[in-house]
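# Architecture and fold: a report
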Amino acid sequence: MPNSSPVRFLSRRSFLKQTVAAGMASARWNARGASTSPRLGHGAFCYRVVPGWGVLDPSTPVQNCHGIVCDREGHLILLTDHTANNVIVYDKAGKLVGKWGNAFPGAHGLSLVTEGTREVLFITCLKTHRVVKTTLSGEILEEWRWPEATGKYAKESDFRPSWTLHHPDGSFFILDGYGRDYITHHGPDGRFLKIFGGAEGGIRHWGPHGGLCESTQGTSTLWIAMSDQQHLLQLSVDGQELARIEMPGGNPRQIRKRGDHYFVAHLGDRWPQERDSRGFVSVVDSAGRVVSNVGGVAPEYTNEGKLLTMAHEGEVFFHPHDLVIDAEESVYVAQFASQNTYPIKLERV
């Protein structure tokens, strides 16, 4: 079994080198006349881009930036499919803290989970067809491969997991968003419990990409970002459809919750029909209404409550794929197929 390389922390000399590189990138941004970033978003959810945040030198490359999470120390943990360093750890200022990993050429989904007193990562890999649990420093603890015994798959390569969703009781769900569109449920001990979804379960292909497991008043449900299907889907933990939120013009890839609001990363406008569209981030309230489009046009509803087609505005993003909100309500956006760009930090204004 391939293993990840151990975490590498920076020497003082290397740290200073990265700091200078980030400062130079910020200066270049300022030289282009963007020292004061435009106000993005609508209503109570408006933001400005922090110039140069997270820009590193070529010794810490990225390819596609897929997932991003924030640990209890306030570090931002980025997942990229560049095998020089699959995982990059930042501090709040965007400086490099450490990096590790070379075993995930198809690195895609990243989840941070608290197990007792420790935090662990769940990483999905499209090219090795597996889900891996690791420590924050990269030690592989456990892995899950294709659910062969279910009879739903003819071969391992049909299983291409996109993300994991985690229940408060320690169980978790694996979304096979790039394979057969099934959802497998595993117990807190990692053992397989059941499988649902797929074509026979009403889940269309290029649908279940990312999402979250939400528990309110003793009831747990799954919210799933249905990417190319342009809606958010709420399911029971047994796979029964409970609700959907249409997102015309968007392409929802991941959902993160903060307070009573859901933040949705849209890879692009009408992706894949318009692969060159830049994408945006939506903020959705508890009633399922979009209240802000960060980097997009203002959300507009008809008198009947139908959301009109959304679109990006300006050139802020380039294919948002995941996001995370920190304790100060700043938003960090990881982007796919964005010409090797580092994450974007948005400060709330």
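Residues numbered from 1 in each chain as written. Predicted model: local features only at pLDDT ≥ 70, side-chain atom pairs only at ≥ 80, totals over all residues. Heavy atoms only, no water.

## Digging into the packing of aromatic side chains
Selection rule: Two rings from Phe, Tyr or Trp (for Trp, the six-membered ring) form a pair when their centres sit within 6.5 Å of each other. Planes less than 30 degrees apart are called stacked, planes more than 60 degrees apart edge-to-face, and all others tilted. Where helices and strands are cited, they refer to DSSP runs of H or I of at least four residues and of E of at least two residues respectively, numbered from the N terminus. With a 1.4 Å probe rolled over the protein chains alone, any residue whose accessible area is under 20% of its type maximum counts as buried; one over 50% counts as exposed, and the rest are partly exposed.
Going through the model one piece at a time under the given rule, you end up with 11 aromatic pairs. Ring centres of Phe-45 and Phe-263 lie 6.0 Å apart, and the angle between their planes is 80°; this geometry places the pair in the edge-to-face category. Here Phe-263 lies in strand β21 (residues 261-266) and Phe-45 lies in strand β3 (residues 45-49), a separation of 218 residues in the sequence. Taking the relative accessible area as the measure of exposure, Phe-45 reaches 9% and is therefore buried. Given the relative accessible area of 3%, Phe-263 is considered buried.

## Regarding the sheet that holds strand β14 (residues 182-186)
Heads up, the condition is: Note: two strands are recorded as paired if DSSP finds a minimum of 2 bridges between them. To define axes, lines are fitted to C-alpha atoms, for helices over the stretch in contact only, and angles between the resulting N-to-C directions are given on a 0 to 180 degree scale.
Taking strand neighbours across the sheet as the criterion, the four strands line up as β12-β13-β14-β15 in an open arrangement whose pairing is antiparallel. Since the sheet does not close on itself, it has two edges, and those belong to β12 (163-166) and β15 (192-197), each with one partner. Strand-to-strand, the axes of this sheet are offset by a mean angle of 20°, without reference to chain direction. One ladder, built from four bridges, connects β12 with strand β13 (residues 172-175); its direction is antiparallel. Bridge pairing in β13 places Leu-165 opposite Phe-173.

## A closer look at the pairing of β13
Every second residue of β13 is oriented toward a common face, with Phe-172 and Ile-174 on one face and Phe-173 and Leu-175 on the other, all of them buried. Here β12 folds back onto β13 in antiparallel fashion, the turn holding five residues, of which Gly-170 has a positive phi close to 100°. Relative to β14, β13 runs antiparallel, the two being bridged by four bridges. Across the sheet, the residue bridging to Leu-175 is Ile-183, located in β14. Joining the antiparallel neighbours β13 and β14 is a turn of six residues, in which Asp-181 adopts a positive phi near 70°.

## Topic: the pattern of salt bridges
Here is the rule we go by: A pairing counts as a salt bridge when a side-chain nitrogen of Lys or Arg comes within 4 Å of a carboxyl oxygen of Asp or Glu.
Scanning the entire structure with this criterion turns up 18 salt bridges. Here Lys-152 and Glu-200 are joined by a salt bridge, their closest N and O atoms 2.9 Å apart. Taken as a pair, Lys-152 in the loop between β11 (140-144) and β12 and Glu-200 in the loop between β15 and β16 (210-216) lie far apart in primary sequence, 48 residues in all. Take Glu-200: its relative accessible area is 52%, and that puts it in the exposed class. In this structure, Glu-214 engages Lys-257 in a salt bridge whose closest nitrogen and oxygen atoms are separated by 2.3 Å. One end of the pair, Glu-214, is in strand β16; the other, Lys-257, is in strand β20 (residues 252-258), with 43 residues separating them in the sequence. Salt bridges sharing common partners tie together Glu-115, Arg-118, Lys-133 and Glu-142.

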